[in-house]
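Results of the structural survey
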Amino acid sequence: MKILSLETRNFRNLIDREWKFDARFQVVKGPNEAGKSSLLEAILAALYGDATSSDKRFKGYRRWNSAEHIYVALDLALKAGQLRLERDFETGKNRYTFAGKTVQAKDKVRNFLAEHLPIAVEESFRQTACVRQDEIKSDIDPSQLKSQLENRSLSSTGRDLAH
């Protein structure tokens, strides 16, 4: 699975826009309060959220002092093809488009993702597919960075997540 782009609306401190990612490797860096964690949370809301949920976490993702609900859309490259996944918390719609077909039945979306995502559980994604800033030694030799990232992101699964 490779994340190609993310679209956000009314999501925390992020501006409403489409974020493009490098399909090979992505590093997100910036000063405190720049939106790095918000970007990660938006990706997680798209992958594992439920737009019909009454979970207060999703209400907490709204931009400060906003009554408008959040919207996130994620474009992914999977082994089987390209997937667009949308979570519209205003209308309560969970939707995916794959192979030219759009499906928005909640159970069908959930089942499709369980079958096609290499990391089916949010906590596993947090532990394996991303490395947080505080998990990297700041005093390492730059030549060791690649091996440290690989060890940190792949060690707990035993799987090659690049495919």
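Everything below is about the structure shown above.
The residue numbering used here restarts from 1 in each chain and proceeds along that chain's sequence as written. Per-residue local features are limited, in this predicted model, to residues with pLDDT of at least 70; the limit for side-chain atom pairs, both in listing and counting, is 80 or more; totals at the level of whole chains, interfaces and linings are taken over all residues. Side-chain figures throughout are based on the complete set of non-hydrogen atoms in the structure, without hydrogens or water.

Secondary structure assignment for the protein yields five helices and six strands. Secondary structure of the protein in N-to-C order comes out as β-β-α-α-β-β-β-β-α-α-α. A burial count over the protein gives 37% of its 163 residues as buried. Contact definition: two residues touch when any of their heavy atoms are within 4.5 Å. Considering only intrachain contacts with a sequence separation of at least 6, the fraction spanning at least 24 residues in the protein is 54%. Only the protein chains shown count as cover for residues, and all accessible areas are computed by the Shrake-Rupley method using a 1.4 Å probe. Taken as a whole, the protein presents about 10,200 Å² of accessible surface, with 48% of it coming from carbon and sulfur. Going along the chain from the N terminus, every DSSP run of H or I of four or more residues is numbered as a helix, and every run of E of two or more is numbered as a strand. When a residue's accessible area, from a 1.4 Å probe over protein chains only, is under 20% of the maximum for its type it is buried; when over 50% it is exposed; and in between it is partly exposed.

Turning our eyes to something else, we now look at helix α1 (residues 36-48). Between the first and last residue of a helix there are one fewer steps than residues, each counted as 1.5 Å, and that sum is the expected span. If you check α1, its first and last C-alpha atoms are 18 Å apart, about what 13 residues at 1.5 Å a residue would give, namely 18 Å. The buried count for α1 comes to 11 of 13 residues, which makes it a mostly enclosed element. Within the span of α1, buried status applies to Ser 38, Leu 39, Leu 40, Glu 41, Ala 42, Ile 43, Leu 44, Ala 45, Ala 46, Leu 47 and Tyr 48.

Bear in mind that shape data such as this cannot, by itself, settle questions of function.
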